[in-house]
Structure formats: C-alpha cells, structure tokens
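# Observations on the three-dimensional arrangement
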Amino acid sequence: MSSIPFDDLLQARQRIAGLVRQTPLEHSPSLSRLAGVPVWLKLESQQATGSFKLRGASNAVAQLGAKQKRLGVVTASTGNHGRALAFAASQQGVKAIVCLSELVPQNKVRAIRELGAEVVISGRSQDDAQLEALRIAREQGAAFIPPFDHPHVIAGQGSLGLEILEQCPDVCEVLVPLSGGGLFAGVALAIKAASPAIRTYGISMQLGAAMHASLQAGEPVEVEELPTLADSLGGGIGLDNRYTYALTRELCDQVHLLDEASIARGIRHAYREERLVIEGAAAVGIAALLDGLIEPRGPVVVVISGRNIDIDQHLRVINGADA
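Each residue is numbered by its place in its chain's sequence as written, counting from 1. For this predicted model, a pLDDT threshold of at least 70 governs which residues receive local features, and a threshold of 80 or more governs which side-chain atom pairs are given and counted, while totals over whole chains, interfaces and linings are taken from all residues. Working from all heavy atoms in the structure, the side-chain values ignore hydrogens and water.

## Concerning the overall build of the protein chain
A tally of regular secondary structure across the protein chain gives 14 helices and ten strands. C-alpha atoms define the radius of gyration in this analysis, and the globule rule sets the expected value at 2.2 Å times the number of residues to the power 0.38. Its C-alpha atoms give the protein chain a radius of gyration of 18 Å, within 12% of the compact-globule value 20 Å for 323 residues. On the principal axes, the C-alpha backbone points of the protein chain span a range of 55 × 45 × 40 Å. When a residue's accessible area, from a 1.4 Å probe over protein chains only, is under 20% of the maximum for its type it is buried; when over 50% it is exposed; and in between it is partly exposed. Scored against the burial criterion, the 323 residues of the protein chain give a buried share of 59%. If you take every contact in the protein chain between residues at least 6 apart in sequence, the share linking residues at least 24 apart comes to 74%. Summed over its atoms, the accessible surface of the protein chain is roughly 12,500 Å², and 47% of this surface lies on carbon and sulfur atoms. Residues counted as positive are Lys and Arg, residues counted as negative are Asp and Glu, and His and the chain ends are not counted. Here the site of a charge means NZ on Lys, CZ on Arg, CG on Asp, or CD on Glu. Between the centroid of the 29 positive side chains of the protein chain and the centroid of its 34 negative side chains there is a distance of 6 Å. The helix and strand labels rest on DSSP assignments: H or I over at least four residues marks a helix, E over at least two residues marks a strand, and numbering proceeds from the N terminus. Here, two residues are considered to be in contact whenever any of their heavy atoms come within 4.5 Å of each other. Using the Shrake-Rupley algorithm and a 1.4 Å probe, accessible areas are obtained, with residue cover drawn only from the displayed protein chains.

## Structural notes on the UniProt feature "domain: Tryptophan synthase beta chain-like PALP" (unreviewed entry) in the protein chain
Under the local residue numbering, the UniProt record ascribes the feature "domain: Tryptophan synthase beta chain-like PALP" (unreviewed entry) to residues 18–306. Summarising residues 18–306: 44% helix, 16% strand, and an end-to-end C-alpha distance of 20 Å. UniProt positions are given in the numbering used here, feature names are shortened, and annotations may be inferred rather than shown by experiment.

## Brief notes about the sheet that holds strand β9 (residues 254–258)
Should DSSP find at least two bridges between two strands, the strands are regarded as paired. What the six strands build is an open sheet, ordered β1-β2-β10-β7-β8-β9; its pairing is mixed. Taken across any chain shown, the strands that pair with only one partner, and hence form the sheet edges, are β1 (25–27) and β9. The average undirected angle you get between the axes of adjacent strands in this sheet is 25°. Taken together, the three bridges between β1 and strand β2 (residues 39–43) define a ladder with antiparallel strand orientation. Paired with histidine 27 across the strands is tryptophan 40, a residue of β2. On the sheet, helix α9 (residues 182–194) packs against β7 (173–177), β8 (199–205) and β10 (300–304) and is oriented at approximately 170° with respect to β8. Lines are fitted to the C-alpha atoms to define the axes, a helix being fitted only along its stretch in contact, and any angle between axes, read from their N-to-C directions, falls within 0 to 180 degrees.

## Thoughts on the sheet that holds strand β4 (residues 96–100)
Ordered in space as β5-β4-β3-β6, the four strands form an open sheet in which the pairing is parallel. This sheet does not close on itself; its edge strands, each paired only once, are β5 (118–121) and β6 (143–144). Pairing of strand β3 (residues 73–77) with β6, which is carried by two bridges, proceeds in the parallel orientation. By the bridge assignment for β6, valine 74 is matched with phenylalanine 144. Where helix α7 (residues 126–140) meets the sheet, its contacts fall on β3, β4, β5 and β6, and the angle it forms with β3 comes to roughly 170°.

## Observations regarding the domain arrangement of the protein chain
Here the bounds of each domain stem from an automatic or database domain assignment. Assigned domains of the protein chain: these are domain 1 (4–50 + 150–317) and domain 2 (52–142). A separation of 22 Å is found between the C-alpha centroids of domain 1 and domain 2. The term buried area refers to how much accessible surface (probe radius 1.4 Å) is lost by two components on association, counted for both of them together. Around 2,600 Å² of area is buried between domain 1 and domain 2 when both sides are counted, 53% of it from carbon and sulfur atoms. Summed over the three residues of domain 1 that lose the most area to domain 2, namely Thr49, His152 and Glu225, the buried surface amounts to 23% of that side. Salt bridges are defined by distance alone: a side-chain nitrogen of Lys or Arg within 4 Å of a carboxyl oxygen of Asp or Glu. Linking domain 1 with domain 2 are four salt bridges, by the criterion used here. Here arginine 55 makes a salt bridge to glutamate 163, at a shortest N to O gap of 3.0 Å. Breaking the side of domain 1 that touches domain 2 down by element, the ones donating at least two residues are α1 (6–15) and α8 (151–167).

## Regarding the pattern of salt bridges
Per the counting criterion, the structure on display carries twelve salt bridges. In this structure, the salt-bridge partner of lysine 108 is aspartate 231, at a minimum N-O distance of 2.9 Å. Taken together, the positions of lysine 108 in helix α6 (residues 106–114) and aspartate 231 in the loop between α10 (210–217) and α11 (244–251) put the pair 123 residues apart, joining distant regions of the chain. Arginine 265 is the partner of aspartate 291 in a salt bridge, and the nearest nitrogen-oxygen pair spans 3.2 Å. Highlighted residues: aspartate 291 in the loop between α13 (284–290) and β10 and arginine 265 in helix α12 (residues 260–274), separated in sequence by 26 residues.

## Digging into unusual backbone geometry
Residues other than glycine seldom take positive phi values, yet arginine 275 does so here, at roughly 60°. Mapped onto the elements of the fold, arginine 275 is located in the loop between α12 and α13. The exposure class assigned to arginine 275 is exposed, which follows from its relative accessible area of 66%.

## Some details on the pairing of β2
Taking burial as the measure, the five residues of β2 include four buried ones, the bulk of the element. Note: β2 against β10, five bridges, orientation parallel. Across the sheet, tryptophan 40 pairs through a bridge with valine 301, a residue of β10.

Pasting the structure below:
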C-alpha cells in the first residue's frame, strides 16, 4: 500500500516506549453536543516537549549508528520538531543543531536553546532553513533528520495512530493537522491499516498550505510562507518529497482549510471549554468541527498536536484577537 511497511510502525512504538508518553484520549462534552456524536481529543500536547514531534524524533535518533551519534544531528524546523530533536538528542548524548527561519516564534527558539541545541537562524522560510541544515550536514558530517519526510520520523508519528485505535476502537473519523505530512501520513497509515472505512481528514490553514497546494497541482509545489496563528503548519513539503506527498495523496479522504478567525475560535474554545492551552496548529481540528466542516458518522478523534504557543499571543487570542 505504501513505501513504509506497517511493521515499521509497530517496531517504532516498541523502540520509543520508554522515551515518549502514551498520551490520554479525553472526551469533549461540548464538541460531542455540537457534532451529535462522541468527540475525543488525543492530547499530544502533553508530550514532554509539548508536541507529537517527540515520537518521530525519538525513533529517528534511536536508529542512528555510533559514528552518526558521534558527529551529531542537524535539522530544519518551524519549532516543534527542532525542540523534539534537541530533547531526543540530549537524552542520548548526541549534539544537535537546529536551523530555524526568522518566522519561528521566539518562545520556540528559546526552548530549543534551553535543551542544549545550537540554533541557527536562516532566511524567511522553512525552505531557507532546510537549505542551511543540508549545508551543515554536508560540511560537518552530521546526520540530517528532516521534520517530516523521513521513514523513521513517519513511523514514529504512526505510533500515535496505533494508540488512537486502542483507545477508541470504534472511531469513524480522525482529524489531523496537516503540514508537511509526517503526522498525517503516520497516523493515516495506522488508521487505514485497521479499516479503510475510517475517514481521515487533513486540516490546515488558508495562508500557505503547501501540502494542499501540492495535492491540487498533482505534484509538490512551492508556496509562499506567510505569518499565521498556525505557525507550526508553515513551510513547504520539498520539491523532492519522497514519502509524505504520496502517502497523503493516497490516504487522505479530504482536506479542509481554515481562515485565521476560525483558528482563533479553536484556540478560544480549547481554553474556555476544554481547559487546554494549545497552539494554533493544534486547534485546527476543533475549529473544523466548530465551523461545521465535518459531517461525522460516528465517534470522532481530534488530534491536539501541541501546546507551544507564545503566551502573549495566547492571551491576545483569548481576549478576542483573531491574529
């Protein structure tokens, strides 16, 4: 069905069992009333680094050889993958370099530095940061671990899908934030292996949704990276994308794009009704339900992907700002 065997997901889950948390699946009474079916929130925001990215990063670092660990790792990130890689590398005594664009919020930059990683700021987009990371990898011999388009990263994210199936075996729809596609591909691989009838929705923002634009074009394309409340969903998918574009095209039932006001409503709902502080990228599934974009047939699982929002921005949104 794909270039990543289902067994890789099972092995990844075993490999990272002691490195990541099995996150809770919590029922949302407010969203269940709205949707007319049970709605469950998969709280990846409770991972140690505040996002699902720790799964893929931990699986990738755990499979490095001795020489690669000695030379270190390097990546490009919109923030959460860099933080996860810095944490996973520090747990295993590996040096990490994280390349970020100027658009990455300062709270995420600080968090990565605090984990001991070297931070390099380069350019105005995820693509610029990736070019710098690849240059460093060539010159220093460091292992490049991309944020999404890598089989070990995708398999690690797939462990989340396996947990969803165990925690909600009668799930009918799964709503997943969609950016480069590592999270979506991993979760959808697990979900569709269990039952192709379970519908998988990719949810993204209107401002610079690279995967959606690529799916529309029929091939990976470049898009302008724009400031958005869902900053973790920014960046391109790479014109030489090897895995996530094809997997998303194969496994995604539907993509929905949200404007900034909808994302802000999702953040506010999470705080006021669910008592959750989450970032914009994590709020898109909630926002899609609030906007009535999904017509569920049965139990819905919404992946809450992370909590790493700048607290001043969160306060502005909670107080009524939509950007």
